[in-house]
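Working through the structure, step by step
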Amino acid sequence: NPVDELSLQMRSSRSSELNGTYSPGINPARPVSLAMNTMQLNWTRALSADEELWMRYAHYDYLLRDIRSVQLPIPGFPSLPYVADTSYDERRDDFEFQKTLKPADSLRLAWGGQWRQDGAHSRANFNTDAWQTDQLSRLFGNLEWRPMELLTLNGGAMYEKNSMTGSSISPRLAANYSLHPEHTLRFSISRANRAPSLFEEHTNQTFDAPPALAKFYPGIPLSIFTLSSGHLADAKLLSREIGYVGE
């Protein structure tokens, strides 16, 4: 008979500290607060000794509040007060599932999928009050075959669709050969893709001029620290491995 297991984990933390230095400038002493909340719900069904299904939903959010009041030095003039809000909000919702089974004595199959949505909000990092979001969908499968006691072959692939960079396929092949119960040779080749993060794709660390200067220099920012060109492509990795494991 199937055996079900259900678990729920929740965590919430709050902290506040005094950050910065006790001197005028861009890093004055100020209170900085941090809040983090996580939740994870897991369900597992053991259908038999060789067949299992599990699902997982997780939520995460992170809130940083950091507002600094500084004095901008103006050559030949009194310094100007300036408020820089470098607060940052981040959240993630993630759903995953996986099915494992043994269709034959020499075969083991695992397949599953994932849906994830990330979001980030920071006026200082994105120069907008809008949330930056990204959605990711994945489907994967892996087949293990043991044609003989000493040899194990693995082949698999993952299809991934990202709302920023589109779709990609990451295949993998591997072989393990046991020279001895405690000595194994390993061979593998795989191709992987890494999508850019929200910060890499959308960063625009532009700070507007204070009102006293903006009226003289309309449309000209006070400073630009980092500016992404946008429309970034996936980073691609081709890996070849030859290894030996012994005890």
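The rules we used
Residues numbered from 1 in each chain as written. Predicted model: local features only at pLDDT ≥ 70, side-chain atom pairs only at ≥ 80, totals over all residues. Heavy atoms only, no water. Helix = DSSP H or I, 4+ residues; strand = E, 2+ residues; numbered from the N terminus. Rg over C-alpha atoms; globule rule 2.2 N^0.38 Å. Areas by Shrake-Rupley, 256 points an atom, 1.4 Å probe, with all protein chains shown as cover. Core = buried A, V, L, I, M, F, W, Y, C linked by side-chain atoms within 4.5 Å. Buried < 20%, exposed > 50% of the residue type's maximum accessible area, 1.4 Å probe, protein only. Contact = heavy atoms within 4.5 Å. Patch = residues over 30% accessible without salt bridge, like charges linked within 9 Å, V, L, I, M, F, W, Y side chains within 5 Å. Salt bridge = Lys/Arg side-chain N within 4 Å of Asp/Glu carboxyl O. Phe/Tyr/Trp six-rings, centres within 6.5 Å; stacked < 30°, edge-to-face > 60°. Lys NZ or Arg CZ within 6 Å of the ring centre and 35° of its normal. Pairing = 2+ DSSP bridges. Polar contact = N/O pair within 3.5 Å; in protein donor to acceptor, adjacent residues only side chain to side chain.

Attention now goes to the overall build of the chain. Across its full length, the chain carries three helices and 13 strands. For the chain, the C-alpha radius of gyration of 26 Å lies well beyond 18 Å, the compact-globule estimate for 247 residues. Across its three principal directions, the C-alpha atoms of the chain cover 85 × 40 × 40 Å. Summed over its atoms, the accessible surface of the chain is roughly 16,000 Å², and 58% of this surface lies on carbon and sulfur atoms.

Turning our attention to the nonpolar core. Residues Val 32, Leu 64, Tyr 88, Ala 120, Phe 126, Met 164 and Leu 198 constitute the largest nonpolar core, which totals seven residues. For Leu 198, the contacting residues outside a window of four places in its chain are Asp 118, Gly 119, Ala 120, Phe 126, Gln 132, Thr 133, Asp 134, Met 164 and Thr 203. Counting six residues, the second-largest nonpolar core is a separate cluster that includes Leu 72, Tyr 82, Ala 124 and Phe 207.

On the surface, Met 148, Leu 150, Tyr 177, Leu 179 and Tyr 244 cluster together to form a nonpolar patch covering roughly 500 Å² of accessible area. With respect to the element layout, Leu 150 can be found in the loop between strand E7 (132-148) and strand E8 (151-162). We classify Leu 150 as partly exposed; its relative accessible area is 40%.

Following the criterion strictly, the structure yields two aromatic pairs and no others. Ring geometry for Phe 97 and Trp 111: centres 5.8 Å apart, planes at 85°, overall edge-to-face. Placement of the pair is Phe 97 in strand E5 (residues 88-104) and Trp 111 in strand E6 (residues 107-121), with a sequence separation of 14 residues. Judged by relative accessible area, which is 38%, Trp 111 ranks as partly exposed. Lying over the aromatic face of Trp 131, Arg 91 brings its terminal NZ or CZ to 3.9 Å of the ring centre.

The next thing to look at is the pairing of strand E2 (residues 30-48). Along a regular strand, successive side chains alternate from one face of the sheet to the other. In terms of strand pairing, strand E1 (residues 3-19) meets E2 through 17 bridges, oriented antiparallel. Note that in E2 the partner of Arg 11 across the bridge is Thr 38.

Evaluated as defined, the whole model comprises 14 salt bridges. Its salt-bridge partner being Asp 4, residue Arg 45 comes within 2.7 Å of it at the nearest N-O pair. Remark: Asp 4 occurs in strand E1 and Arg 45 occurs in strand E2; sequence separation between them is 41 residues. Residues joined by salt bridges that share partners form a network here, namely Arg 30, Asp 66 and Arg 68.

Relative to the assigned elements, Thr 38 resides in strand E2. Looking at Thr 38, the relative accessible area reads 29%, which means it is partly exposed. When sequence neighbours within four positions are dropped, the list of residues in contact with Thr 38 reads Gln 9, Met 10, Arg 11, His 59 and Tyr 60.

You can see Gly 25 is positioned in the loop between E1 and E2. Overall, Gly 25 belongs to the partly exposed group, its relative accessible area being 23%. Between the alpha carbons of Gly 25 and Ala 49 there is a distance of 65 Å; along the sequence they are 24 residues apart. When near neighbours in sequence (up to four residues on either side) are disregarded, Gly 25 contacts Val 70 and Gln 71.

Take the side chain of Thr 152 next. Considering the arrangement of structural elements, one finds Thr 152 in strand E8. Looking at Thr 152, its side chain comes within polar contact range of the side chain of Arg 146, at 3.4 Å. In contact with Thr 152, other than residues within four places in its own chain, are Glu 144, Trp 145, Arg 146, Ala 174, Ala 175 and Asn 176.

Okay, the side chain of Asn 193 next. Relative to the helices and strands, Asn 193 resides in strand E10 (residues 183-194). A distance of 3.2 Å separates a polar atom in the side chain of Asn 193 from a polar atom in the side chain of Ser 170. In terms of polar contacts, Asn 193 uses its side chain to reach the side chain of Lys 236, at 3.1 Å. Ignoring sequence-local partners within four residues, the contact set of Asn 193 consists of Glu 160, Ser 168, Ile 169, Ser 170, Asp 234, Ala 235 and Lys 236.

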